[in-house]
Structure formats: structure tokens, C-alpha cells
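Coordinate analysis (summary)
The residues making up each chain are set out below.
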Amino acid sequence: MSSQDNKTESEQREEQQTGAASEDNKQEAVICLGNNEVKSRAVVKYSAAPPPSTYALLQEKTDLKLPPANWLRENAQLGPAGTTVLGSSRKSKPFSSFGMAYDFIDCIGDDVDVVSDSENIKKLLKIPYSKSHVSMAVHRVGGTLLLDDLDIQELFMRSSQTGDWAWLKEFYQRLIDQKWQRKKKSKEHWNEKAILSKFLYYSINSNGAAVPVPSDTGQTADDGCGSGGGGPSWPATYNSSSPDSEEPAIPKEEQVDKYALGHVSSLPKEQNLPTLFDEGENSQGLKNDFARNILWTFEDIHMLVGSNMPIFGGGRYPAVSLQLRDNNKPINVLTGIDYWLDNLMCNVPELVMCFHVNGIVQKYEMIKTEDIPDLENSRFSTRVVKDIAQNILSFLKSNCTKEGHTYWLFKASGSDIVKLYDLTTLCEEAAEEKCQNPFTLPVAVLLYKVASNMMLKKSQNRKNYDTIRTLLLNCIKLLNEERHPQIIASAHYMLAELFQLDDVNEEVGNGESLRGGGSEDSYSDEDEEEEEDEDDSCSYDSSSKPQDDSKAVAVIKSVGELSVPEKYKSTHQIRPNCAFPVSQDKEEKCRLVLSYVLKGLKAVDSSIKKETDLPSADPSTPIPLKYEERSQSGAREVEKEIALLLDRVVSCNEELKMPTRSGMLPGSWHHRVKQQLFLKASKAYYILSDSATNLLKYGRALRYIKLALQCHDAYCSISGGLHPQVLLFHCQCLSLCGDVQLMLAQNTSNRAAYLEEYSYQTKDDQEILHCLHRESSCQAFSMATDLATDPEYQLIISCKCYEAAHDLLTSGVLKDLGQEQLGQVLKRLGNIRNEMGVFYMNQAAAMQTEKEGVRRTVCVAEQELWKKCFSCFEKGMQNFQAISDSVNTALLLCNIGRLMRICAQAHCIMTSDHSRGEFSPEEALYYNKAKDYYQKALKSLGCRDSHSAVWDSVNWELSTTYFTLATLLQDYAPLSRKAQEQIEREVTETMMKSLRYCDLQTESARQPLYQYRAATIHHRLASMYHSCYRNQVGDESIRKQHKTQAEQHYSKAVRLFVNLSDAPCELLRTLLERVAFAEFTMAGQNSNAVKLKTLTGALEMMCETRHAFKLIHKELLEQQDKVILTPEASDKPEDVQGSDGTSSELNTEEGSDSTSSELDTEEVVKLIGVFVPSFSFLLLQMIKLSTASKRKLSVKEEEQVKVYKKVYSQLLRAEKSVPLDKRVSLFLDLLDQLNPHTGSDETRSGS
């Protein structure tokens, strides 16, 4: 048949699979046959025959011994049946079930129980009625059994010629038939076949008349019939000695593995695993030659059967079968079952029987299919036939448990015993080298095809993965790697692909390790239990088994048992319900994937013809992973490496034209399978690296991501262009590499441990690396994945990795595909640029610290660091703005503000005596820039609700900047270029702006800091107005203004300090200044009454110091007891992190307004030195003014004067040498005497 004919037949079969079913939909109804109620349903899956045509009714006395003119000519109506009945074509089709299985792969393993020739089905169901021998090969694939006729006559005849199967012939003669010899069929048998053939040709002849042909032709035909077959029909054993000899049998190498080739690459989806053998002379019986393939459901048994029975039209039904019977021989039970089953399988409702005597036509008779079981002399029970079918199926499924094994079902002629042998085991036990099983390769290919088909079904879920794994492992076990590397490599890739590494967070229903999973051979959970169950299910006692049954897997002692309902009811678990046993441990899962990848790569490499020019490498020798110190110039090398990758993207659609480094030809199966294995290994290493990163094992993570990128480099080296999905995955690898380098830069303290993790290699890793080196030097990303010692270099490398991923994602190929990933990469880019900016900013701050206390100028190195820092922050801000991330944008603006404050500090002027000079214009410029950036940060956030923590941090920094600016203006006033009034005005405005950003209402951890700062601001303003009031000369209205403002700010400062429990010194200082302000006011008063009033107010303020002294006394006692419970506090805000971990690095370098939990005793002593004379002065003046009054004092006033005198006396006599706590205790006592009504903790703040 020509190739065009082959194509047409293939297309026709494809169309029939979809279209013929609709044509036969009328035949799909369930038929209840007679009162036996046996259910049968047949659906034609494929038909090569034309629609049935009406048969020719032969005239009476027609001589069927005379051949018609059209005899033995090819006829579509008869199909192969016309010649098959003569035995002139291949009668024995040992692989016929495999041909059907290949064509209907969807049915195998799950939907169908049995695949076989209809003749084999009939032979099995007639076992209890027939004395004929039965010899069949049985194979198991999933839940499906494949049955093929095993013609031992022809098998042993061939064995005598070639020596093949000699071990089986010896076994057969030793245990079954010691005197085996080929049995020739009688001449009568061949005459009957010839008459039947001529009858069928007459029946399709238009006029029905016998048209004789020359006698020599007839004689030749008869001679052909008697020859017993047209040549050997048993296939040759597969004994190719090298991979080269296998190649001619695989004309379509490039299509061998649909699954391994189509997962990520852009190959056509319609590619499928073809028949691995030529369709011509070397087809080895794997072609589906049946006229019809029918899905037959007999009761609850689903069978895919092949039939060549000719079907004609005519009669009361659209289809009838035609049979020829010798009128002298009555129809027996065997013939009745034969006819009945033929019609059931083909869904033919009527049988037309032609009777003849010595070849002379006598009459026709029409019989309904449901009436066949009730024909005279051939009565049989359809229920019994159903029981036989169920028992045989249960027997076979219970005992044919090992996939890939060839079982032999044998019943000797005239015997009632049916035996089942495992030929694969017998073959393994034989010592001869030629013990080869010709079924091995077809079974392995079928196992592979079924597994591939199940993998490709998108509707399949994880419950079928254990079945797929069993299929593939058994496929691999059957094949020799040297002869079949292609299937073995593809099978290993599919085993690796069972682990869905794309969805790494997927939950697994079973925690068992794959290494502890079920048996690779059997579908039973326990092999020992299976052996015990076999005895029960087969209903025979092993102890009483005859000696010649010792090699049998199972035995049916009597064929009569098959007729007993449910005698052999299967207890064997056909389709296991256990979940795919994948460990939840990611590392273990990925290690298994890599082990399969390695085996697949070895299979590919072993079959590549051309040896590489590389020196042979020892897989046991580790390939060193470099550990070097890098300079900044190394970053430029990384840019060059990554630019090479971007060049490949441009040529995405180009194909490789030259052989690869190892000699692989582009487009060959080696090429495509190796591509997928490299890609799978890269994914596994990526998962391992990601998992190690989560475990904080950054050295291990860097090693794994290095291996992932090396696999990807090897993949690129054998690929002309890169598929978009591969590029997306590569972007993930680059991003993870950036993450790991960033973590290493941030964790420099554990460098020794990271180096140890980085240097370790497993044997599998070493061997995979050597496989990679056959195709590539794997150095494209070496600098990006080396473990460096310089944190700056690591940060630069991390940034370059993110930039490369960003460039890939924004290239034309991925512009529309990687939008989600682009957002993540932009966030990482913003983060790393923030980290780099903080790194340079800290370096600049460190340089500044080194210069503290010495006269300095801004050096070039500092300016370079500022520029780098500002550039990083600005680029990072652009990245966050690109994804509308207002929170992280605000954080980077905040960090730029901090940089401006560092720049301001660097411009501080130092005098020749190393003291601080005036506040410079440069300082003012940078502080104003800082507040501008902080305000932009607040504007970016919009409101506090968007991110309260970040809002509070930015708010605090802005307040700090204003406060620092005002403090420096006040303390180091630039009087050389500005007037005092202008400076005072600027200080007041700036302080009030700082106060505006002090959030005193919101309850938070920062609220005490805000209160302290607000109190400090009021205190400073009060002090400034106090100073102005004292020094102001001239305009009295301005002096009054200053006095009023000073009193107001002192009052507010006291009120705020009183609310703080950790600022007693500040409260005391403020009160003393306020008292001093009252004293100065009194000095300018002339009236004694007014002075007395002022003094009374000042003394009340002095009494308010009791609260401060009480806090000081408490802390002094705690210090004595050495119990310091309060933690160190400062105004430094906590680092606030964005959603991706971006640290704002917000802090303030100015500590002038910070609070301290530890009491400064020196400061207390200084304040007491002010308190005592001020207190004594007030008391003395009160005594003088009270006694100097001309008005007579009241009793109450006299008592008050006595108290003043007493307190004054005690104050003068107080010893200064006593411990500080004692002195403070004395002051508390004196203040209590002055104002007994203020003995509580509360004090009056004054107005």
C-alpha cells in the first residue's frame, strides 16, 4: 500500500472515531436477549468497511466448489475476511490487541477491561464447552488486560529455525507435552475453508451465478489453502545489538514523546507518540488490521474488540450476518455460541444461514440473534456465558498483577485444567542468552503511551499520578537503555514532571515519601497479602497442586468451575485509590525530580553518536563553585553577561542550525528531550533555592540558584531562541538570585556558615553539572552567583539581577505576558535601591562621625557617596511610583530627607578652638530641602489611614527637622548676617511648625516623645522671650508682649512636663526659670504691695517643684537599690517596613530633645545649686516685705511669716555634704511646710 493510501486510511480511522459512532448510534441501545436477560451494548468506534449492501441470494443447486470470477480479489465489503478464512494471509496476529490499544489509547488503563480480537473472546467464553486447546498471551496495563493469540505451533516451528524461545519450548516439552510435534490440519478442514470463501464471494456477486475460472487457477488456490499460511506470522525477536540498528524502525523520531516535547516549548500540540515500527514489512503485527473496532459492553464487562465479520444488508433488519452450514451436520453448542457472540459484538440483529450438501446450495434460513441460544441441538444459557466471562476476567485480573510481564494462559487439548504462567519470570530464570521476549518492546511502548496520554488529559487529577508512575517505572524496567534510550529518557522526564513544581505551595493529600510508595510492579498494596489472596480467589489448594503446576502462577482445576456464578470473584484491588505519594518536604520532592532528570540525561548522552572534544570528566570529582572577593568592576562584568541573554530574546523565533557542543542535531529527539530535562532541573533547583531562602540558609540558597542558572545557561546554549514561558521562569530565577545576594549582604555575621553551605555538593549535583558541561561552559551567570565578601558588591549584584529581570519583562516578547511579575520585580528594584542608598548614607554618616570635634570641610569622597545615595533613592522612588506604591514612595522620600540632614550636618562650621560656629546658609539650605522631602512623603501618603505607622514616622521626622533647624538657629544664631529680631522671628515660626506636627492627641508609642518635644518647644520659646524681655530696651509694648508670651509658654511647658514621669529635671529647670522670670519682674516694681503679690506667685511656683523633687527622690532610691527597670528610651523611631520589607531607616541624628530614663545626678546637683539660693531669696524677701508693712498683720499672716522664718532657718542650716537623696528629702519637707495643702501628687501649673 502506498504512503498516500496509508495516510488516507489513517485519516479515515480518525474520522471514523468521531463520525462512525454517530452512524451507528442506532445500534447503541441496550438489548435484553430472551428470558435470560443478558445485557449487551455495542458501539462501533471505527469501521473500514462500507455501509452494508444487500447479499446475493444464491440459487438452489449452486455449486460452491466452483470458484466465482471475483474470488480472492480485494473487496471492501468482505474486507480481510475473504482471504483470512482461507488462511492465506497472516492468521495469527500476536500483537493485534496492541494495534487497537495504540489507536484507542484513551480507553486503556481505565475505561476498558479487555482489549482483544473477537476470535479470542469467543475462544475464552467457549472454554467449558470445548475440548480444544487455548493459548493466549495476557498483558496488564493499568486496569486493562490485553489478550493475544499465542500460537505455540508456529512459535515452536520458528524456534526450531532461529533458536528463539528455545527455553519456552524446553519448558513446554518438560512440563506440558513431552512429545510435541507440529500438527498439520486435515484436507477436509481446508476444503471447508475454501467453500466458505467462495460462498462469501458469490454472496457479493451481483447476479449470484457461479462463474467458473480456469482449473489451474483453482488448483493453485487450493494448494495455497493447504499450505497452512502464507509465510511465518510470528514476529522476529528484537535482538538489535546497538542503538544504530533501532533507528530504521523509528522513522518519526522527532515525534516520540508528545508530553516531553510540548510542555513549555512551542512545538505543535498535535504531535503524538507514533507506532515505533514501520507500517510496511517490518510492522511486526502492531498494525490495527480489523475491519471494525467495537466497544462492547457485556453485562458489566467493557471490552474493545476487533472484528472482521462481513456484515450484509437485507431481510427485516438493516444488517445481517451470513453463515454457511453443512446440512448433514447439525448445529452444536459451540457453533451456536460462536454465531451468537459474533452478532452481539457487531450488534447484528439477524443471522442468515445457508445450508449446503457437498457444496451444493440447498436452502436459506433467517434466525433472530436472540433466538440463537434456543436453537435445537445448540441450546445454551446466556446467563452461564455471562458467568463464564465474569469468572475468566476476575481470574485474570486477580493473577495478572504485574505490569510489563507477559502471562501465558494455556489449556491443553482435551484437558479440563487451565493454567496461567508468568513468561517474564520464566525468561529471567532461564540461563540462555537468547531468552528474549518479543512482547517486551510493544508492552513497554504501550505502558509509555498510556502514561503519556494520562498526563496530557487536563481533566486528570492527582489521584491518577500513582498509576502513571507505576506505568512509567515498569516501562523503564522492561527496556534496555542502550537499545531504547529515547523512550527511557522521555519516561524519566515524565516521572520528573509528575511533581508539579510550577505550583510549589500546592497541598498534598498524603505525607508519605515517594520512596516509600507502592510497588512498582503490582497494583496490590501488599505483595504478601496478594499471594495469600491468590489461593482463595483461584479456589485451589497449593499443597495438592500437581508437580507440573509448580511454575504456574494460578490454576483453574476444572473448566466446569467457570460456569458457577461468582466462583472467581476478584478480591484484588484493580485501581488503587491511594493518593500520589508525594512528600510534603520540598527538598525531598525536588531531589527525586533531579534524580529522574539525571537518569534521563544519562540516557540521552549515551545515545549521542558524536563524541565531544571535551576531555572525559570523572563524575565523582566535584566541580568547584567559585568563592572570590569582587571589586566594583565586577558589577560591570555582570552587566555584560546579562546583556548576552537579552540578545537571545531578539532571536526568539530562530532555530538552531548547527550541531550542539555534544554533537546533537537540532530537531532530533535528543535535542528536545535534553531541552526539557535541563528546564526541569532548573525549576527543581529554583524551588530548592527558594526553600533554603525561607529557612534562612542563604549559602545553600545561593548554591542552588547558581545550579538553576547553570541549567538555564545549558538550555540556552542548545536553543536557538527562548520561548516566552522560559523567559518568564528565567526572570523568576534572576529575581531569586537578587533576593539571596541581598540577604547575604544584610547578614555578614554568618559568612563562615554560608561559605560552608555554598561549597557543599551532592553526587547528583556533580553528575548533573557534568551533563551540563557537555553542552555549555555554564559560566554565563557565574559572577552573579559567586559568594563574595564585599557587601557593596553583593548589593550591586542583587540590583543588576533585578534590572536584568526588569529588562526581560519589558522587552517586546514579554511586554504583555509578564505584567504581574513585572510589578514584583519593580518592588524588588525599589527595595534594593533603597538598601543601596541606606548603605551609602550610613557610610557618609560614618565618615562624618570620624571628623567630629575637628575643623573640617566637605571632602570629595563624601560628595560622591551623597550622589550615589541620592541616585539610588531617586531610582527606587521611580520604581515604586511605577506600581503606584505610595507607602514605599513615602519611605524613600523620607530617606532622602534624612540624607539632606546628613549633608546639612557635614556643612557645620567649626572655629579654630574646635567649637561650633554660627549656623551656616548651607546648613539652612539642606534642612529646608529635608523638610520639603518630608512634606512630599506626607503628600504621597495622603492621610494617616493609608498607613498609620509610616505616616507617624514621616510626621515625626518632619517635626524633628523643624525642631533641629529652630534649635540651631537659636543656639548658634547667625548674627553676622541676620538681625536678632529676624532670627527670633524665624525661630518662633520654625518652632511653631515643629509643634504643629507634634501629635499629642493620638495614643501611640510615640505620644510621650511628642509630649516631651512640645514641652521642650514651649520651654525654649519661653526662654527666648524671657531673654528678650530682660534685654529689650525702649518700646514698652514690645516688652509687654514678650512678657505675656514668656508666661504663656512657661505655663504650657510646665503643664506638659508634669504629665511626663521621666522628665523631672526638665520640669525643675522650667519652674526655676519661671521663678527667675518672676524675680526679674519684681525687680522692676516699686510698690511693696505689687512686689509682695509677685513674690507670693513666685513662691507658689517654687512649691510646684515638689512634684519634680518627688520624682527625683524616687529615682535616686531606685538607683541606690540598683533596680533599673525602665528600658532605655530615645526619640529614635522604630524602623517602619513596607509591605515588601522595605526599611525606611528613619532616625534622627539630633538628640537635643531626647528623654532619658536614667537620672542625670550631675544635672540634679546643678539645679539644686540654683534652687537653694532662689528659694532662700524668695523667703527672705517675703519675710522683709511682710514685716516692713505699716499695716498690722492678721493672725493668719503672722503664722505664715513664722513658717517662712522657720523654713528659711532650716534651709540656711542644711548641710551640703549629706547624700543627695537626703537633701532632696529635706527640700520636700520644707516645701510641704510652706504649702501643706499641696501634699498630694498633684501640683498647680499656674497660669
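Residues numbered from 1 in each chain as written. Predicted model: local features only at pLDDT ≥ 70, side-chain atom pairs only at ≥ 80, totals over all residues. Heavy atoms only, no water.

1. Thoughts on helix H39 (residues 1220–1234)
Heads up, the rule is: Put simply, DSSP H or I for four residues or longer makes a helix, DSSP E for two residues or longer makes a strand, and each gets a number counted from the N terminus. By this rule, a helix spans an expected 1.5 Å times one less than how many residues it contains. Throughout this description, buried means an accessible area under 20% of the type-specific maximum (1.4 Å probe, protein chains only), exposed means over 50%, and partly exposed covers the range between. Should any heavy atoms of two residues lie within 4.5 Å, those residues are counted as being in contact.
Between the first and last C-alpha of H39 there are 21 Å, a value that for 15 residues agrees with the 21 Å anticipated at 1.5 Å per step. Inspection of H39 places Leu1220, Asp1221, Arg1223, Val1224, Phe1227, Leu1228, Leu1230, Leu1231 and Leu1234 among the buried residues, and these make up the whole buried set. Those residues of H39 that are buried lie in contact with helix H35 (1088–1103), helix H36 (1105–1120), helix H37 (1161–1187) and helix H38 (1195–1213).

2. Comments concerning the sheet that holds strand E9 (residues 320–326)
Cut-off, in case you're wondering: When DSSP finds two or more bridges between two strands, those strands count as paired. Comment: axis = line fitted to C-alpha atoms, over the contacting stretch for helices; angle = value between 0 and 180 degrees taken between N-to-C directions.
Spatially, four strands are ordered E8-E9-E10-E11 in an open sheet, and the strand pairing comes out mixed. The sheet is open, and its two borders are formed by strand E8 (311–312) and strand E11 (360–368), each paired with just one other strand. Examined bridge by bridge, E8 and E9 share two bridges and lie antiparallel to one another. Following the sheet pairing, Ile311 is matched in E9 by Ser321. With respect to the sheet, helix H7 (residues 187–203) is in contact with E8, E9, strand E10 (350–357) and E11, its orientation differing from that of E9 by roughly 140°. Its contacts with the sheet put helix H11 (residues 333–346) on E8, E9 and E10, and the angle it makes with E9 is roughly 165°.

3. Overview of the packing of aromatic side chains
Formally: Only centres within 6.5 Å qualify two rings of Phe, Tyr or Trp (six-membered ring in Trp) as a pair; their planes then separate them into stacked at under 30 degrees, edge-to-face at over 60, and tilted for everything else.
The tally for this structure, following the rule as stated, stands at 21 aromatic pairs. Measuring from centroid to centroid gives 5.3 Å for Trp956 and Tyr1010, while their planes differ by 75°, and the two rings are edge-to-face. Placement of Trp956 in helix H30 (residues 948–971) and of Tyr1010 in helix H32 (residues 1007–1031) is noted, with a sequence separation of 54 residues between them. Classification of Trp956 by relative accessible area gives buried; the value is 0%. The class for Tyr1010 is buried, based on a relative accessible area of 2%. For the ring pair Phe1171 and Phe1175, a centre distance of 5.2 Å and an interplane angle of 35° mean the geometry is tilted. Of this pair, Phe1171 and Phe1175 both sit in helix H37, four residues apart, roughly one helical turn. Residue Phe1171 is classed as buried on the basis of its relative accessible area of 0%.

4. Details of the nonpolar core
Quick reminder of the rule: Take the buried residues of types Ala, Val, Leu, Ile, Met, Phe, Trp, Tyr and Cys, join any two whose side-chain atoms come within 4.5 Å, and each joined set is a nonpolar core.
Core analysis: the largest hydrophobic core is formed by 134 residues, its most contacted members being Trp408, Leu446 and Tyr685. Among the nonpolar cores identified, the runner-up in size contains 119 residues, and Met836, Met841, Leu969 and Cys1065 belong to it.

5. Focus: the pairing of strand E13 (residues 418–422)
The buried fraction of E13 amounts to five of the five residues, a majority that puts the element mostly inside the structure. Here E13 shows two buried faces, one formed by Val418, Leu420 and Asp422 and the other by Lys419 and Tyr421. In terms of strand pairing, strand E12 (residues 406–411) meets E13 through five bridges, oriented antiparallel. Looking at the pairing, Phe410 lines up with Lys419 of E13. Where E12 folds back onto E13 in an antiparallel hairpin, the turn is made up of six residues, including Gly414, whose phi is positive at roughly 80°. Note that E13 and strand E14 (residues 552–556) share four bridges and pair antiparallel. Looking at E14, one finds that Val418 is bridged to Ile556.

6. Some words on the state of the cysteines
What counts is decided by this rule: Two cysteine sulfurs form a disulfide in these notes if their separation is within 2.5 Å.
Inspection of every chain in the model, using the stated rule, returns zero disulfides. Its sulfur unpaired, Cys737 is 3.8 Å from the next cysteine sulfur, which belongs to Cys801. A disulfide-free cysteine, Cys771 has its sulfur positioned 9.9 Å from the sulfur of Cys711, the nearest such atom. Its relative accessible area of 9% is what places Cys771 among the buried residues.

7. Some words on the pattern of salt bridges
We count it as follows: A pairing counts as a salt bridge when a side-chain nitrogen of Lys or Arg comes within 4 Å of a carboxyl oxygen of Asp or Glu.
Tallying each qualifying case throughout the model produces 34 salt bridges. Salt bridges sharing common partners tie together Glu119, Lys122, Lys126, Asp338 and Asp342.

8. What to know about helix H23 (residues 751–759)
Note on helix geometry: an α-helix contains 3.6 residues per turn, so any two residues three or four positions apart are oriented the same way. Quick reminder of the rule: To obtain the arc, one takes the directions from the helix axis to the C-beta atoms.
Buried within H23 we find Arg751, Tyr754, Glu757 and Tyr758. Axial view of H23: buried residues confined to an arc of 120°, hence all on one face. Turned more than 90 degrees from where H23 packs its buried face, Ala752 and Glu756 sit exposed. On its buried face, H23 sits against helix H21 (698–717), helix H22 (724–746) and helix H25 (791–809).

9. Notes on the packing of helix H20 (residues 669–694) against H22
Using the following cut-off: Here the word oblique covers every angle except those under 35 degrees (roughly parallel), over 145 (roughly antiparallel) and from 65 to 115 (roughly perpendicular). Left-handed describes a crossing whose near helix is turned anticlockwise from the far helix by less than a right angle; the clockwise case is right-handed. Classification convention: Asp, Glu, Lys, Arg as charged; Ala, Val, Leu, Ile, Met, Phe, Trp, Tyr, Cys, Pro as nonpolar; all other residues, Gly among them, as polar.
Where H20 contacts H22, the two axes come as close as 11 Å, and the packing angle between them is 30°. One way to sum up the angle between H20 and H22 is to call them roughly parallel. The two elements H20 and H22 meet at a crossing, and its hand is left-handed. Residue-level contacts link Leu679, Ser682, Lys683, Tyr686, Ser689, Asp690 and Thr693 of H20 to Val726, Phe729, Gln732, Cys733, Leu736 and Val740 of H22. Taken together, the residues of the contact of H20 with H22 sort by class into seven nonpolar, four polar and two charged.

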